[in-house]
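What follows is the residue order along each chain.
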Amino acid sequence: MQVEYKEDQWGNGKWVWDELTAHNEVRLSRVFFFDRRDLLNPPTPPQDPSGHAYRFQLGIFNGGYLEIPATILDIKNDVHIDRAVKVSRATFAAERNVSIFGRLSALLDHSNPIAIGGTRPNAIPQDVFEELIKKFPNSRELDRYADARVYTILSEFLDGMKDARGRYDSYLNKKSKALPGSAKLDLSALEKLEIEKYILIRDLISDALATKKDLSENEWQKLMLQFLLLLFPKYIMVLENIPISDYYSDPTKKTERYIDIGLLDANGNLDVIEVKKPFDDKILRHSKYRDNSIPTTELSGSIMQAEKYLFHLSKWGVQGEKALNTRYAAKLPAGMEIRISNPKAIIIVGRDQIGGTKMTRSQLLDFEVIKRKYANMMDIITYDDLLRRLNHTIAALGG
């Protein structure tokens, strides 16, 4: 298969020939990298190279696939595209000449060929690849992303956050007036304060899901930390970067590992919480296994990570309790000790969406089956679950 480059709008294609003769290579559309050997029809004197239509060898067909060398796209993986896939410039370059396969290759930790369509093992299905191309951000989305990034950095100083701050200040003011020196407890006033609290949390999380998707996972965790004790009122303290000892991964030595976030309840029992970024399509895979939806790598990895944390905590036992109590002695309330007794985990991950649409009843059922499988040791919660719980709480309180 060939790629043809004709003269540009100013009628000058000579620069292509100049690049090839001077450097033996040329870059087209910031995506294709051809050297002189890939040129199939070099201009010959007295032919004018300015108006020449340059044809380059993109790849060859082999076994029903168009095979494109990695060097042509300046990536580490060869690309194999099934003959049934319609190939155009849009297959390789998104808006502003962003390399689609360049982004994909950068996310892979191997140099195996990237297969699109067809029946080869581990090939990306044609419809999934076409959906990927459609969802690549256009210029307007890129501009909005830039705006969102600026908003994230400057949100503390912008008017957009004033309503939330005002509501929070109002909540604190009402609370301080309702409690001190009251001869008679006004339960209706407390209920109103509770409603205001949960409305505030819901609105702030909704705003973050809409405007702060560009945060790193570490930044997202810090954002959610301020809500955890309000979302899960059984806990009274958040502990960060908790060291645990792993004696099992390598029996010849002790390995130090770290839990990003832990939660302590009022009795000192330690549980683990994993807070992931709220990406779509991180719960169930697009493809099914025997008509059943199965968890994504992201969800399976999060579950496995939480299980390992619980395993190492439980095996650490009394020795671990002593180490943690020594480390956090200054932070613990007087008389409280950290206890490791059948620890549980909470995983907050993803959205209830697949391919940009809400899960079907069948998919929700499969997700519920997955959650119940681990219910004895962990609670798997999506960000949509959090918002639903908050809405139900607000409604139950009369809000």
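Residues numbered from 1 in each chain as written. Predicted model: local features only at pLDDT ≥ 70, side-chain atom pairs only at ≥ 80, totals over all residues. Heavy atoms only, no water.

As named in an unreviewed UniProt entry, the protein is DUF4263 domain-containing protein, taken from Zoogloea oleivorans.

**Re the overall build of the protein**
Along the protein, the regular secondary structure elements total eleven helices and 17 strands. In the protein, which comprises 399 residues, the proportion classed as buried is 40%. Across the protein, every contact between residues at least 6 apart in sequence was considered, and the portion connecting residues at least 24 apart equals 63%. Total accessible area computed for the protein in this model is approximately 23200 Å², and 51% of it derives from carbon and sulfur atoms. (Helix = DSSP H or I, 4+ residues; strand = E, 2+ residues; numbered from the N terminus. Buried < 20%, exposed > 50% of the residue type's maximum accessible area, 1.4 Å probe, protein only. Contact = heavy atoms within 4.5 Å. Areas by Shrake-Rupley, 256 points an atom, 1.4 Å probe, with all protein chains shown as cover.)

**Observations concerning the nonpolar core**
Nonpolar side chains tend toward joint burial in soluble globular proteins. Ranked by internal contacts, the top residues of the largest apolar core, which has 34 residues, are Phe32, Phe56, Ile68, Leu73, Ile81, Phe92 and Phe101. Beyond its immediate sequence surroundings of up to four residues, phenylalanine 92 is in contact with Val31, Phe32, Leu58, Ile68, Leu73, Ile81, Val87, Val98, Ser99, Ile100 and Phe101. (Core = buried A, V, L, I, M, F, W, Y, C linked by side-chain atoms within 4.5 Å.)

**Details of the pattern of salt bridges**
Within this structure, the stated rule accounts for 16 salt bridges. Where arginine 37 meets aspartate 35, a salt bridge forms, and the shortest distance between an N and an O atom there is 3.0 Å. Accessibility expressed as a relative area gives 75% for arginine 37, which makes it exposed. The exposure class of aspartate 35 is partly exposed, given its relative accessible area of 22%. Ionic pairing is found between arginine 388 and aspartate 385, a salt bridge with its closest N-O pair at 2.6 Å. Taken together, the residues arginine 388 and aspartate 385, both in helix α11 (residues 383–396) and three residues apart, mark about one turn of the helix. In this structure arginine 388 comes out as partly exposed when scored by relative accessible area, which is 36%. With a relative accessible area of 11%, aspartate 385 lands in the buried category. (Salt bridge = Lys/Arg side-chain N within 4 Å of Asp/Glu carboxyl O.)

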